[in-house]
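Tertiary structure, described
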Amino acid sequence: LAKTTQPISMDSYEGQEVNITCSHNNIATNDYITWYQQFPSQGPRFIIQGYKTKVTNEVASLFIPADRKSSTLSLPRVSLSDTAVYYCLVGLHGGATNKLIFGTGTLLAVQP
Amino acid sequence: DTGVSQDPRHKITKRGQNVTFRCDPISEHNRLYWYRQTLGQGPEFLTYFQNEAQLEKSRLLSDRFSAERPKGSFSTLEIQRTEQGDSAMYLCASSLQNTGELFFGEGSRLTVL
């Protein structure tokens, strides 16, 4: 399974756009890229998933370059409630082995 | 509430005792996952089921751990002869087969004294 590398922590201020980049150099052809958000004492929550180019939903955007060896989660105009750990995962989408491996994630701290 | 539910939310036990956690997934989801998470770490994969079949089991899961999903609905995770190193949050998640979107429960926090 492809390993992911992301910054341990990031700081931001309310109203700013935050971009968290994840490296996954050995991503396989069939792998999708998925991002989760986790608040303390809660289970992770799905944010967004993509395979290539750009995906956007009501919460975030996901940018994936052509070589797919990295991806960037973009959070527009963050608020204090966006303070959380963000995980980048790479795995087979709906295949026979569909386990997703979490790394240590990126702790995003949003300040007023 | 139609999300994933886990019970109990907190469990304190003495070393050597057995504990069992229950997970009720979202009803139409055929895949169910167990993860373990310790402080400051991401969730670690333990095992997953497709319907009632246990398809994969992590090498992290020692012989003291067993999981079942007898009717393809709820699942139980049992830890026998608990050790202090078993103290963690045990997370359950469910999903539809052809999607990477996992829905997690609130977790069951285990403290082994």
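See the structure printed just above.
Residues numbered from 1 in each chain as written. Chains lettered and ligands numbered in written order. Predicted model: local features only at pLDDT ≥ 70, side-chain atom pairs only at ≥ 80, totals over all residues. Heavy atoms only, no water.

1. Let's talk about the state of the cysteines
Disulfide: a covalent bond formed between the sulfur atoms of two cysteine residues. Residue and element names in this part refer to chain A. What counts here: Any two cysteine sulfur atoms lying within 2.5 Å of each other are counted as a disulfide. Each helix is a run of DSSP H or I of at least 4 residues and each strand a run of E of at least 2, with the numbering of both proceeding from the N terminus. For every residue, the accessible area (1.4 Å probe, protein chains only) is compared with the maximum for its type, and the residue is labelled buried under 20%, exposed over 50%, or partly exposed between those bounds.
Enumeration over the complete set of coordinates arrives at two disulfides over all chains. The residue that forms a disulfide with Cys22 is Cys88, at a sulfur-sulfur distance of 2.2 Å. Because the torsion about its S-S bond is -80 degrees, the bridge between Cys22 and Cys88 counts as left-handed. A residue pair is termed long-range when its members are at least 10 positions apart, and Cys22 in strand 2 (residues 18-23) and Cys88 in strand 8 (residues 84-92) qualify at 66 residues. Cys22 sits in the buried class, given a relative accessible area of 0%.

2. Focus: the packing of aromatic side chains
Cut-off, in case you're wondering: Working definition: a ring pair exists when centres of Phe, Tyr or Trp rings (six-membered ring for Trp) sit within 6.5 Å. Plane angles under 30 degrees give stacked, over 60 give edge-to-face, the rest tilted. As a reminder, the over-ring test applies to NZ of lysine and CZ of arginine, requiring each to be within 6 Å of the ring centre and within 35 degrees of the ring normal.
Counting across every chain of the model gives 13 aromatic pairs over all chains. Note on Tyr36(A) and Phe104(B): the rings are 6.1 Å apart at their centroids and 90 degrees apart in plane angle, and the pair reads as edge-to-face. Separated into two different chains, Tyr36(A) in strand 3 (residues 31-38) and Phe104(B) in strand 10 (residues 103-104) make up a pair that spans both. The residues Tyr36(A) and Phe104(B) share a single accessibility class, namely buried. Looking at Phe104(B), the relative accessible area reads 12%, which means it is buried. Taken together, the ring pairs connect Tyr36(A), Phe46(A), Tyr87(A), Phe102(A), Tyr33(B), Tyr35(B), Phe45(B), Tyr48(B) and Phe104(B) into an aromatic cluster. One cation-aromatic arrangement involves Arg68(A) over Tyr51(A); the distance from NZ or CZ to the ring centre is 4.0 Å.

3. A short note on the interface of chain B and chain A
Many descriptions give the size of an interface as the accessible area lost when the pieces come together. Condition: Contacts: residue pairs with any heavy atoms within 4.5 Å of one another. As used here, buried area is the combined drop in accessible area, with a 1.4 Å probe, of two parts when they are placed together. Salt bridge criterion: a side-chain nitrogen from Lys or Arg within 4 Å of a carboxyl oxygen from Asp or Glu. Polar contact criterion, stated in full: a pair of N or O atoms within 3.5 Å, where within protein one must be able to donate a hydrogen and the other to accept it, and residues adjacent in sequence count only if both atoms are side-chain atoms.
Counting residues at the interface gives 24 residues for chain B, matched by 22 residues for chain A. Together, the buried faces of chain B and chain A total about 1,700 Å²; carbon and sulfur atoms form 48% of this surface. Across the contact surface, chain B and chain A share zero salt bridges. Here chain B and chain A share three residue pairs in polar contact (both at pLDDT 80 or more) between them.

Everything listed here is a matter of coordinates, which is why it stays silent on function.
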